[in-house]
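# Coordinates in review
Okay, here's what each chain looks like letter by letter:
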Amino acid sequence: MKDFVIISDGACDLSDDAVKELGVRVVPFYVAFEQDKYLKEKVDVGVQEFYQMLVDQPSVFPKTSMPTANDYMSEFDKAYQEGYDIVCVTISKKFSGSLNSALMARDMFLEEHADAKVEIIDSTLLSCPQGLLVREMARMKKDGLSFNETIKRANELKDTGRCYFTINGLSYLQHGGRIGKLTSIVGNIFKVAPLIIAKDGEIHSGGIALSRKRAIMKIFDKFASIIKKHNLNLEDYLIEVGYGYSLEEGKDLAIKFEEIFHKKIELMDQIGATISVHTGPYPIGIAFIKKYDA
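My aim in this report is to walk through the structure given alongside it, one point at a time. (Residues numbered from 1 in each chain as written. Predicted model: local features only at pLDDT ≥ 70, side-chain atom pairs only at ≥ 80, totals over all residues. Heavy atoms only, no water.)

### What to know about the state of the cysteines
We count it as follows: Here, a disulfide means two cysteine sulfur atoms that sit within 2.5 Å of each other. Throughout, exposure labels follow a simple rule: accessible area from a 1.4 Å probe, protein chains only, divided by the maximum for the residue type, with under 20% read as buried, over 50% as exposed, and the rest as partly exposed.
By the definition in use, this model includes 0 disulfides. As a non-bridged cysteine, cysteine 88 has cysteine 12 as the owner of its nearest cysteine sulfur, 10 Å distant. For cysteine 88, a relative accessible area of 0% translates into the label buried. Just so you know, cysteine 128 is unpaired, no disulfide at all, and the nearest cysteine sulfur is the one on cysteine 163, 6.0 Å from it.

Laid out in structure tokens, this is it:
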């Protein structure tokens, strides 16, 4: 049976160490603070470096750009030359055109290499939940699941992924067109902290709180209500803390989660530029997905 490689776009927000440990490959997004000066995330600009720029330049709203078809083609060709079949996972098509770039690359690549095997998966997820899906796919491969079995199980699994997080203020969401200007003005005047739910490939409002501390408690409340509503066993799920500028805040959230739910969080990743251009420098929350063999 021919071996295969798992490729994801950079929206998976896996750390460099995780990428190496899992044996997966990543096609980066681009980020720009200056007009038309795009830098590859984690190649030309580090994630913490990007966050520092957000903190140091609060009046500047950066932009991201998806990987190009040529970016994907380059990674596909490398894997093909090494003798691998290819399964590629992208951020939700509702949030970015990365999927279209990957599909275009696949079609062009197969024209040149008719014997290649390339499958593209719309994760319908973004950020940490997408990363959790990639983690489980890597575990499937390690456990000996075939190319086709891995694709089938991944497509079943992705619907279980979700994320609850909060941010400081609403200006970045307003600038990115995710909320109206009036809502942003009122929200920033009263210093509200929104609760945001990432599901079905999009971000949705989960309400607001009058402080960041209360917003974080709302995250725990939402998580608890999902557990109760669906009678979930936490041992069946991968659970992760996603954080922005402050690693220490992420660690504090993990400790609080353990105190409330009596389960230690083993995974923690920094939310990347693809999402933080819409949230600002202080996103933080909980992501989860069902384990493939649960």
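That shown, we press on.
### Some details on the pairing of strand S4 (residues 37–40)
Keep this limit in mind: One requirement defines pairing of two strands: DSSP has to find at least two bridges between them. Helix and strand assignments follow DSSP, with helices taken as H or I runs no shorter than four residues and strands as E runs no shorter than two, numbered in order from the N terminus.
Relative to S4, strand S3 (residues 30–34) is paired through 3 bridges, and the arrangement is antiparallel. Considered in S4, the bridge of valine 31 is made with leucine 39. Here S3 hands over to S4 after 2 residues, with aspartate 36 in that stretch at a positive phi of 60°.

### With respect to helix H6 (residues 147–157)
Keep this limit in mind: Our arc is simply the arc of the directions from the helix axis toward the C-beta atoms. A contact between two residues is defined here by any heavy atoms of the two lying within 4.5 Å.
Every buried residue belonging to H6 is among Phe147, Thr150, Ile151, Ala154 and Leu157, and all of these are buried. On an axial view of H6, the arc spanned by its buried residues comes to 130°, and they lie on one face. Those residues of H6 hidden inside the fold are in contact with strand S1 (4–9), strand S6 (85–90), strand S7 (118–122), helix H5 (128–142) and strand S13 (284–290).

### A closer look at the sheet that holds strand S2 (residues 25–27)
The strands that make up a sheet pair up through hydrogen bonds in the backbone, lying either parallel or antiparallel. Applicable threshold: Note on method: axes are straight lines fitted to C-alpha atoms, helices fitted across the in-contact stretch only, with angles between N-to-C directions ranging 0 to 180 degrees.
If you trace the 4 strands from one edge of the open sheet to the other, you get S2-S1-S6-S7, paired in parallel fashion. Each end of this open sheet is capped by a strand with a single partner; those strands are S2 and S7. Direction aside, the axes of adjacent strands within the sheet are offset by 25° on average. Relative to S2, S1 runs parallel, the two being bridged by 3 bridges. Looking at S2, one finds that serine 8 is bridged to valine 26.

### Concerning the side chain of glutamine 130
As for its position among the elements, glutamine 130 is in helix H5. The exposure class of glutamine 130 is buried, given its relative accessible area of 0%.

### Regarding the packing of helix H3 (residues 69–81) against helix H4 (residues 98–112)
Filter applied, for reference: Any angle that falls under 35 degrees is termed roughly parallel, while one over 145 is termed roughly antiparallel, one within 65 to 115 roughly perpendicular, and all others oblique. The hand of a helix crossing depends on one turn: near helix anticlockwise from the far one by less than a right angle means left-handed, and clockwise means right-handed. Residues are grouped as follows: nonpolar covers Ala, Val, Leu, Ile, Met, Phe, Trp, Tyr, Cys and Pro; charged covers Asp, Glu, Lys and Arg; every other residue, Gly included, is treated as polar.
Close contact between H3 and H4 brings their axes to 8 Å; oriented N to C, the two are set at 50°. Here H4 runs oblique to H3, going by the angle between their axes. Judged by the twist between their axes, the crossing of H3 over H4 is right-handed. Of H4, the residues touching H3 (which contributes Ala69, Tyr72, Met73, Phe76, Asp77 and Tyr80) are Ser98, Ser101, Ala102, Met104, Ala105, Arg106, Met108, Phe109 and Glu112. Residue composition of the contact of H3 with H4, by class: 10 nonpolar, 2 polar and 3 charged.

### A closer look at the nonpolar core
We count it as follows: In these notes, a set of buried Ala, Val, Leu, Ile, Met, Phe, Trp, Tyr and Cys residues joined through side-chain atoms within 4.5 Å is what counts as a nonpolar core.
Within the largest apolar cluster, 49 residues are counted, with the highest numbers of intra-cluster contacts made by Ile6, Phe50, Val87, Leu133 and Met137. Tallying contributions element by element places H5 first for this core, with 7 residues. Excluding its chain neighbours within four sequence positions, the residues that come into contact with valine 87 are Phe4, Val5, Ile6, Ile7, Glu119, Ile121, Met137, Phe147 and Ile151.

### Re unusual backbone geometry
With a phi close to 55°, aspartate 13 is a non-glycine residue in the positive phi region. Looking at the element boundaries, aspartate 13 is found in the loop between S1 and helix H1 (16–22). Of note, the phi angle at threonine 124 is positive, near 60°, even though the residue is not glycine. Along the chain, threonine 124 turns up in the loop between S7 and H5.

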